[in-house]
Amino acid sequence: MFKFLKGVVGGSGTGLKDLPYYIGEPYPSAWGSWTHHRGTSKDDGSPVSIFSLSGSNAQDGHLAAGRNGVKRLRTVRHPNILSFLYSTEVETLDSSSTSRITLYMVTEPVMPLSEKIKELGLEGTQRDEYYAWGLHQIAKAVSFLNNDCKLVHGNVCLASVVVTPTLDWKLHALDVLSEFDGNNETASGSMLQYEWLVGLQYKPMELAKSDWVAIRKSPPWAIDSWGLGCFIYELFSGIKLGKTEELRNTVSIPKSLLQDYQRLLSSVPSRRMNTSKLIENSEYFQNKLVDTIHFMEILTLKDSVEKDTFFRKLPNLAEQLPRQIVLKKLLPLLASALEFGSAAAPALTALLKMGSWLPAEEFNIKVLPTIVKLFASNDRAIRVSLLQHIDQYGESLSAQVVDEQVYPHVATGFSDTSAFLRELTLKSMLILAPKVDEEPAIRTNTTILLGNIASYLNEGTRKRVLINAFTARALRDTFSPARGAGIMALCATSSYYDMNEIAIRILPNVVVLTVDADSDIRSKAFQAVDQFVQILKQYHEKTSAGDTTADATMGLSSMPGNASLLEWAMSSLTLKGKPSEQASLPPLNSGAPLASTASNASSAPARVNSSTKLYDQPVSLSPTSTDGWGEIENGFQEEQDSEKDGWDDIEPFEEPKLSPALANIQAAQKRPVSQPVSQPKPQATSLRPKNTGKVPKDEDDDLWGSIAAPAPKTASKPLNVKTASTTDDDDDPWAAIAAAPPATRAKPLSAGRGRGAKPAAPKLGAQRINRT
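1. What to know about the overall build of the chain
Now for step 1: When helices and strands are counted, the chain shows 27 helices and 10 strands.
Now for step 2: Considering only residue pairs separated by 6 or more positions, the chain has 69% of its internal contacts joining residues 24 or more positions apart.
Now for step 3: As displayed, the chain offers around 39600 Å² of accessible surface, 52% of which is attributable to carbon and sulfur atoms.

Below, the structure is given as structure tokens:
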């Protein structure tokens, strides 16, 4: 036996080998003879509280009461009563070889209320609101024991209340807990077997006199209502009750609670207020914090209108409540409600606002898991809210979480029937694309794509997104084409920035790149600086000349030479074909620009080939480069493509190019119709050319060629001459739209309704006129 005890116990008993918990430092205070320790689980390291109680022998009265408290705590379950986890007894030997028995009880992690009050340091209205919430919880626990279970706690005081990590108050110290024996009024024995543990200052008069007959005739709540009054006094006075007479000092008791406080401490047991009535009647519990938490706890019972109204007010309401209670109580409730679907979409705004008050590490633990789970929601309002606020939490998402849990759900938004959701999905790619694929080409294409769609974004989105994306991200990328794309995107969207943004946020970031290691980036940087300085000069000249209409958001068109890289994004995303069919350009370190311009009307956009390794294609670094977009794993090659004209795609009001057939018809319609019959008619091109050969590129690039009238030829025929049926109408540009000649002659107007004869209107040459 001695060897067993020696192997199990070490020193003072805090080194138990068979206890599945580590015992930590004790708190300064605890109820009765118990010692309250911090502790952790040996399995998963989760925090717990460990209460220990020692006695000299197995018959020790404190140990007997402690065993009663453990048994009661194991069987009584209530949200506002401490939760039991584990218990054991260990016999130990001290340094003098004296045997001692120690009782260990493990519960959920809690802290003594007196210690938590000091830690929070609340004052004024916020203190009263928090006390009201805690007192409300303890009153519910006492009411449950007295009215529902017909049990008497017997020792309600400040020391018997503990606080959880979520700042909930819980009742414990059930060592004196006993059944109310009101049916046996004639019995004179003790109803509370361990009432001797209760301090005399906490005992009502009948309990101090051990008048068990009077106690049994009193209602079940009589003793605990008195104890609740003692608890209120200690709570608001901030000192431990020394003697019963101190309860008459009501200076610290709130006026809205004073009447109920006096009724709890009535000298006549039968007149004492039932704790259930205290919860229902006191106006003290009617405040914002209690109402908010109560609404959250019964959220599933509320209808959709009530939920929507509540969650729209919650962000502003949270600013008025104690910050610690919001973060430790309301935030977990809100996260749970969103995760299990009982909260409406506006609750996400409140969740993110509360989460913004947390440190980054706590945000990743308490808020981010809930957000990730919400991406799987089928509620379109939730999906919209997630994408609208993605800039607030997107940076906290890891690449693995985005790739496995977020992006598969976000991608469904591209095919959604809601245009607004599709737009938000597209915008979200600015945040998610670098995490979905770490290839530098993806980052570059993201910047170019955003520059292309800038004209389709509303003003608020442009103000919030464009500069941050192009300066804070693209211009500092380690991949030189990404930096070049950022410069060109800024230039192409220059009309969306005001003068302050250009001078304070754009120019300082662009000027740094004038000393970039890549010569092509330096050239683009100088061009961008010239463009933005010119904008500032124009604004200065207008304002100096007294032009009060000068717009602070005036801008210039996109700078020359930006077309090639913009088109690279489109070709990278849409170009089809085998790699062998795509010609590659010289590598970046050869000093050649990313894409060369063959002529004013054609360009050769570059494309990143993800199959080329980085060590094969060295990449020069920018003086502002950071690793914010991930490590570079791929180089790039350049390819030829001349299908489009690059940055022209982002001009929102570009005139559509007419088809050759329609252009010829419009040009023909502009010619005079009333020509002499003998005047020759120019030979026009056919509406459907018979020659199916490929049109040369030079003709497609001539912007005026498609609308110019064809030159007249010598061979012609009169306009009023109709050839035989063998003549092909395809050679006549008027044939497709001319009306058929009249079959009969028109009657004179004199045959009308007596209005008098009028001369017939002169005909405009032949009848082949456009009557449409």
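2. Regarding the sheet that holds strand β9 (residues 169–171)
Backbone hydrogen bonds are what pair the strands of a sheet, in a parallel or an antiparallel way.
Now for step 1: The 3 strands lie next to each other as β6-β8-β9, forming an open sheet whose pairing is antiparallel. At either margin of the open sheet sits one strand with a lone partner, and together these are β6 (111–112) and β9.
Now for step 2: Two strands pair when backbone bridges link them, and strand β8 (residues 161–163) and β9 are joined in this way by 3 bridges, in the antiparallel orientation. The partner of V162 across the bridge, within β9, is K170.

3. A look at the state of the cysteines
Now for step 1: All chains considered together, the criterion is met by 0 disulfides.
Now for step 2: Left without a disulfide partner, C230 is nearest to the cysteine sulfur of C157, which lies 8.3 Å away.

4. A few points about helix α8 (residues 255–264)
Now for step 1: Turning to α8, its buried residues are L257, D260, Y261 and L264. End-on view of α8: buried residues confined to an arc of 110 degrees, all on one side of the axis. What points out from α8, more than 90 degrees from its buried face, is the exposed set K255 and Q259.
Now for step 2: Check the buried side of α8 and you find it contacts α4 (124–148), α7 (222–237) and α9 (275–281).

5. Some thoughts on unusual backbone geometry
Now for step 1: Its identity is not glycine, yet L167 carries a phi of approximately 65 degrees, on the positive side.
Now for step 2: Mapped onto the fold, L167 is located in the loop between β8 and β9.
Now for step 3: Given a relative accessible area of 1%, L167 falls into the buried group.
Now for step 4: The backbone of S210 sits at a positive phi, close to 55 degrees, despite the residue not being glycine.
Now for step 5: With respect to the secondary-structure elements, S210 resides in the loop between α5 (205–208) and α6 (212–217).

6. Focus: the pattern of salt bridges
Now for step 1: Evaluation of the coordinates by the stated rule reveals 23 salt bridges.
Now for step 2: Across the salt bridge formed by R383 and D416, the nearest N and O atoms sit 3.5 Å from each other. Of this pair, R383 sits in helix α16 (residues 380–388) while D416 sits in the loop between α18 (399–410) and α19 (419–436), and the two are 33 residues apart along the sequence. One exposure class covers both R383 and D416, and it is buried.
Now for step 3: Close ionic contact of E395 with R473 constitutes a salt bridge, the shortest N to O distance being 2.0 Å. Placement of the pair is E395 in the loop between α17 (390–393) and α18 and R473 in helix α21 (residues 459–473), with a sequence separation of 78 residues.
Now for step 4: Accessibility expressed as a relative area gives 48% for E395, which makes it partly exposed.
Now for step 5: A network of salt bridges, in which partner residues are shared, links D168, E297 and K329.

7. Side note on the sheet that holds strand β1 (residues 21–26)
Now for step 1: Spatial ordering of the open sheet is given by β1-β2-β3-β5-β4, a layout of 5 strands whose pairing is antiparallel. Two strands in the sheet have a free side with no partner beyond their single neighbour: β1 and β4 (84–93). Averaged over all pairs of adjacent strands, the angle between strand axes in this sheet comes to 30 degrees, irrespective of strand direction.
Now for step 2: Across the sheet, helix α2 (residues 61–75) is in contact with β3 (47–55), β4 and β5 (99–107); its angle to β5 comes to roughly 20 degrees.

8. Some words on the packing of α4 against helix α10 (residues 288–297)
Now for step 1: Contact geometry for α4 and α10: axes closest at 8 Å, N-to-C directions at 45 degrees. One finds that α4 runs oblique with respect to α10. Mapping the contact onto sequence places E129, Y130, A132 and W133 in α4 and K288, L289, V290, I293 and E297 in α10.
Now for step 2: Partitioning the contact of α4 with α10 into residue classes produces 6 nonpolar, no polar and 3 charged.

9. Some details on the side chain of T425
Now for step 1: Along the chain, T425 falls in helix α19.
Now for step 2: Reaching out from T425, the side chain makes a polar contact with the backbone oxygen of L421 at a distance of 2.7 Å.
Now for step 3: Excluding its chain neighbours within four sequence positions, the residues that come into contact with T425 are L387, V410, G413 and F414.

10. Comments concerning the nonpolar core
Now for step 1: The biggest cluster of nonpolar side chains holds 124 residues, and the ones touching the most others in it are Y130, W169, F231 and Y393.
Now for step 2: Each residue touching Y130, except ones within four places of it in the same chain, is listed here: L120, L122, V163, L167, W169, L289 and I325.

11. Re the packing of aromatic side chains
Now for step 1: Across all of its chains, the model carries 11 aromatic pairs by this definition.
Now for step 2: With 6.2 Å between their ring centres and 55 degrees between their planes, Y131 and W169 make a pair best called tilted. Taken together, the residues span a long stretch of sequence, with Y131 in helix α4 and W169 in strand β9 at a distance of 38 residues.
Now for step 3: Considering the side-chain rings of F375 and Y393, the 6.3 Å spacing of their centres and the 65 degrees angle between planes classify their relative orientation as edge-to-face. Linking F375 in the loop between α15 (368–374) and α16 with Y393 in helix α17, this pair joins segments that are 18 residues apart in sequence. Y393 carries the same exposure label as F375, and that label is buried.
Now for step 4: Counting every residue linked through ring pairs, the aromatic cluster contains Y130, Y131, W169, F231, F236, Y284 and F285.

12. Thoughts on the packing of helix α11 (residues 304–320) against helix α13 (residues 347–355)
Now for step 1: In the contact formed by α11 and α13, the axes pass within 7 Å of each other and the chain directions differ by 20 degrees. Classified by the angle their axes make, α11 and α13 are roughly parallel. Considering only the axes of α11 and α13, their crossing is right-handed. Between α11 and α13, the contacting residues are F311, L314, P315, N316, A318 and E319 on the first element and A347, T349, A350, K353 and M354 on the second.

What counts as what
Residues numbered from 1 in each chain as written. Predicted model: local features only at pLDDT ≥ 70, side-chain atom pairs only at ≥ 80, totals over all residues. Heavy atoms only, no water. Helix = DSSP H or I, 4+ residues; strand = E, 2+ residues; numbered from the N terminus. Contact = heavy atoms within 4.5 Å. Areas by Shrake-Rupley, 256 points an atom, 1.4 Å probe, with all protein chains shown as cover. Pairing = 2+ DSSP bridges. Disulfide = S-S within 2.5 Å. Buried < 20%, exposed > 50% of the residue type's maximum accessible area, 1.4 Å probe, protein only. Arc of directions from axis to C-beta. Salt bridge = Lys/Arg side-chain N within 4 Å of Asp/Glu carboxyl O. Axes fitted to C-alpha atoms, helices over the stretch in contact; angles between N-to-C directions. Parallel < 35°, antiparallel > 145°, perpendicular 65-115°, else oblique. Nonpolar A, V, L, I, M, F, W, Y, C, P; charged D, E, K, R; others polar. Polar contact = N/O pair within 3.5 Å; in protein donor to acceptor, adjacent residues only side chain to side chain. Core = buried A, V, L, I, M, F, W, Y, C linked by side-chain atoms within 4.5 Å. Phe/Tyr/Trp six-rings, centres within 6.5 Å; stacked < 30°, edge-to-face > 60°. Left-handed = near helix turned anticlockwise from the far one by under 90°.

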